[in-house]
Amino acid sequence: MPIFELGEVKIQVDEDGFMEEPEAWNDAVARALATTEGVAELSENHWKVIHYLRDYYAKFGIAPMIRKLCKESGFSLKEIYEMFPSGPAKGACKVAGLAKPTGCV
Amino acid sequence: MDRKKATDEERARAYAPTKKPDVINKQKLDVRYHVEDYDVSDRPRRFLEAFAVILRHSNYRFALEHFIRMSAKCARCAVQCQVYQASGDFRDIPCYRSELLLKIYRQHFTVGGMLKGRLLGKGFLTDEMIEEMADSFWNCTACRRCTMECPAGIDHALLTHLGRYILSEIGIAPRALVVSVREQLEGKSGNTSAIPIPALLDTLEFLEDDMREAKGVEIKFPIDVEGCDFVFFPAVSDFLMEADTLMGIAAVFAATGDSWTTGTGYFDGINYGLFYSDRMLERIVKKLHAEAERLKGKNILIGECGHASRSAKYFVPTYCGGKDALPVINIMEYTYRILNKGRLKLDQNIITETVAYHDPCNIARQGWIIDQPREILKSFCKNYVEMEPHGENNICCGGGGGTVSIDEIRPYRTTVAGKVKAEQIRASGCKYLVAPCANCKKQLRELVEDQKIDCEVVGLHDLIYKAIIFDKK
C-alpha cells in the first residue's frame, strides 16, 4: 500500500492518492492532500465544500449527488471546478478524505 | 476526411504507464491500468488452463474454429478503427489484435497446431505474449465498428472480450472494474458506485424537492412499488452525477401517469461483466432480473446507458429463462412510444441551440436504437444537426468497453481513442451534445474539456426536462 507523506502528515493512500482510511482524516491531512490536487491554499470556500462533503459522508457513507453539493454549498459546478481543478468527485472528495468513487463516476 | 495523426509526444504521453515504478516492478507487468496484486508465477500455464476451461463451458469454440479458418489478416478493419486512425500504430489494427488470441488457440487447441508445435518446438505461449495481450486488449474500446467492415465476418470485439475474460481469470483486469463489480456482487451496498439505500432515498427526495421548485408540479420517484409496468435500472452513477437525466425521466412518467418504480433491493443497471468476464455478466444479469421479479414488475426498464441496455436486452433472455424472462426496454424506446401516441407534450421554443446526437455503440451498432432518439429530438429541437458518420456506423466516444472507468488512462482516452470523435464534434458545431449513456457522457465531458471544445454534453432526458409541458389540472 503506498504511503503519502508531507510534513507531519503520513497516511495510507491508493494508487490514485485517495485515502484508504477516511477516519484518519483531519484538517492537516486535507491541506496535505490539497497540494496533490494543485490547490496551494485552502480558502474559506474550500473548507465549506470540504465540511459539507465530510458531514454528508459521515451521515450516508457516500458523497452527495453533485447537484445537491452545488445547491447546498451554494457554489455552481463551475466554481467548484475552479476551486478543485479535477472536479467534485475526483478533486473535492479526495481532499475531503473520501474513498475513491467507483463505477462510471 | 483529412485526419491528423497523433504526434510522437501525444503518443508517448498517452501510452505512458501511470503505475508507480514499485508496483510495476512487483507485478512484472508494465501496463497502463492498475491491476490488483496477483500471482505472477507460471502465467502461461495458468492462462492456457483458464482458456481450456472457458472453451469447455461455453460456445466460444465454434466461433474460434470459424475465425481461424476465415482470418485473412487483410486489415480492412483498419479503416474503421478510430484508435488506429489516431495512433497510426499497426498494433492497433483490429485483426492484428485478434490474431494475438487466435494464434494461441491455433497453437494450443487444434490438432494441427499442437503437432506443428511439437515438431518445430516453437510458438508456445510466453510471458511476453501475455503482456502484449494485457496491453492490447484494453487499448480497444470494444465499439465493434470493425465488425461492420470485416469481409470474413470476424467479430474482433468478441475476441477482445474473450481475451479479456481469460486474462481476468488469471488476475489481469483493470482494478477500477474489478473493485466496482466486487462491490456490486459482494459488497454491502450491492451496486457499483457503493450507494447505500439511505443515500439513494435522500437523493431521490432531494430531486423531488428540486422538481417541485423548478416546475411547480409534484413529481415522484416511486420506491418499491409492486406490480408496476416498469422496474427502473439506471446506471447507478446517475444518482451521483446526472440529476437532470433522472428528473427528465421522472417528469416523463409524471406526464403519462404510467406506473414505474425503483427497487431498493437492487437499483443498478451497470454490468461491467460485459466488458471483461462472462461469469460476472451472468451473475449481474441474474441479480437484475431477480429484483424485477421480486417487485412483480412487467418490464425491465434501463435508463440512459448503452452497455447496461445491451447487457440486459441480450443476456436477460440468455440467463433468465429465455422466452419466460421479463422483456427489457430502454427508456428512449418508451419515451418515443408515448411521444408518438401524443401523450407527451414538449415546448418547441425552449431549445434553440444547435443539438447533435451521439450514438452509444452498444445500442446503435446492431441497429437497435438509432431513429427513436432522433425523432424525439427533432420533435422539439429547432436546430438539430447530424454528425457524420452516425447511426450504425457511428464513431465511438473513445471510452467504450469499460475503459472510461479507468481514470489512469484518461490521457489515452482523450488524445488517442477519442481523437476522431473530437474532430467530429468540433465539425458539427453543436452547443448541446446529446449522449444518452453514462459511459459516453463521462468520456465526452473529459474529451471536450481536454480537447477544448465548446459544447455541453447532456442526456436526452435532460433536454426533455427543460422542454416538458404539464397539463394544468
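Parameters at a glance
Residues numbered from 1 in each chain as written. Chains lettered and ligands numbered in written order. Predicted model: local features only at pLDDT ≥ 70, side-chain atom pairs only at ≥ 80, totals over all residues. Core = buried A, V, L, I, M, F, W, Y, C linked by C-beta atoms within 7 Å. Buried ≥ 20, exposed ≤ 12 C-beta atoms within 10 Å, placed from the backbone. Helix = DSSP H or I, 4+ residues; strand = E, 2+ residues; numbered from the N terminus. Contact = placed C-beta atoms within 7 Å. Pairing = 2+ DSSP bridges. Axes fitted to C-alpha atoms, helices over the stretch in contact; angles between N-to-C directions. Right-handed = clockwise from strand over helix to strand, strands pointing away. Domains from an automatic or database assignment. Nonpolar A, V, L, I, M, F, W, Y, C, P; charged D, E, K, R; others polar. Arc of directions from axis to C-beta.

Before going further, it helps to spend a moment on the nonpolar core. Grouped together as the largest cluster of nonpolar side chains are 174 residues, with contacts concentrated most on L53 of chain A together with I300, L301, L433 and V434 of chain B. A per-element tally of this core places helix α14 (residues 243–256) of chain B first, with nine residues. Once residues within four sequence positions are removed from consideration, L301 of chain B is found in contact with F230, V231, F232, F233, W260, I329, I331 and Y334 of chain B.

As a further point, take the sheet that holds strand β3 (residues 299–302) of chain B. Residue and element names in this part refer to chain B. Spatially, the four strands line up as an open sheet ordered β2-β1-β3-β4, and their pairing is parallel. The sheet terminates laterally at β2 (260–261) and β4 (328–330), the two strands that pair on one side only. Of the pairings in the sheet, the one linking β3 to β4 comprises three bridges and is parallel in character. Among the inter-strand pairings, I300 is bridged to a residue of β4, identified as V328. Here helix α17 (residues 306–319) sits on the sheet in contact with β1 (230–233), β3 and β4, set at roughly 155° to β3.

The next point concerns the pairing of β3 of chain B. Residue and element names in this part refer to chain B. Of the pairings in the sheet, the one linking β1 to β3 comprises four bridges and is parallel in character. Each bridged residue has a counterpart across the sheet, and for F230 the counterpart in β3 is N299. Note on the crossover from β3 through α17 to β4: the handedness is right-handed.

Residues and elements named next belong to chain A. Judged from the four bridges that link them, strand β1 (residues 3–6) and strand β2 (residues 9–12) form a sheet pairing that is antiparallel. Across the sheet, the residue bridging to F4 is I11, located in β2. Turn length for the β1-β2 hairpin, with the two strands adjacent in sequence and antiparallel, is two residues, and the turn residue G7 shows positive phi of about 60°.

A few words now on the environment of D135 of chain B. Residues and elements named next belong to chain B. Tracing the backbone through its elements, the reader meets D135 in helix α8 (residues 127–136). With 18 C-beta atoms counted inside 10 Å, the residue D135 sits in the partly exposed group. Separated by 16 residues in sequence, D135 and L119 have C-alpha atoms that sit 31 Å apart.

Residues and elements named next belong to chain A. Within the secondary structure, Y56 is located in helix α2 (residues 44–60). Classification of Y56 by C-beta neighbours within 10 Å gives buried; the count is 21. The spacing of Y56 and E72 is 16 residues in sequence and 11 Å in space, taken between C-alpha atoms. Residues within four places of Y56 in sequence aside, it is in contact with A63 and P64.

Another point: the domain arrangement of chain B. Residue and element names in this part refer to chain B. Domain boundaries in chain B define domain 1 (8–173), domain 2 (188–339) and domain 3 (344–467). Contacts between domain 1 and domain 3 engage 21 residues on the former and 21 residues on the latter. Mapped onto the side of domain 1 that touches domain 3, the elements with two or more residues apiece are α1 (8–15) and α5 (82–87). With five residues, the single largest contributor to the side of domain 1 that touches domain 3 is α5.

Moving on, we come to the interface of chain A and chain B. Counting residues at the interface gives 16 residues for chain A and 31 residues for chain B. Of all the elements, helix α3 (residues 66–73) of chain A adds the most residues to the side of chain A that touches chain B, at three residues. Broken down by class, the residue content of the side of chain A that touches chain B amounts to nine nonpolar, three polar and four charged.

This part is about the sheet that holds strand β5 (residues 354–357) of chain B. All names here are of chain B. Taken in spatial order, the four strands line up as β6-β5-β7-β8 in an open sheet, and their pairing is parallel. Because the sheet does not close on itself, it has two edges, and the strands there are β6 (383–385) and β8 (456–458). Strand-to-strand twist in this sheet, taken as the mean axis angle between neighbours without regard to direction, amounts to 30°. When β5 meets strand β7 (residues 432–434), the two strands line up parallel, connected through three bridges. Bridging across to β7, Y357 finds its partner in V434.

Let us now look at helix α4 (residues 60–70) of chain B. Residue and element names in this part refer to chain B. Listed as buried for α4 are Y60, L64 and F67. Taken end-on, α4 shows its buried residues confined to a sector of 65°, consistent with a single buried face. Those residues of α4 that are exposed and angled more than 90 degrees off the buried face are F62, R69 and M70.

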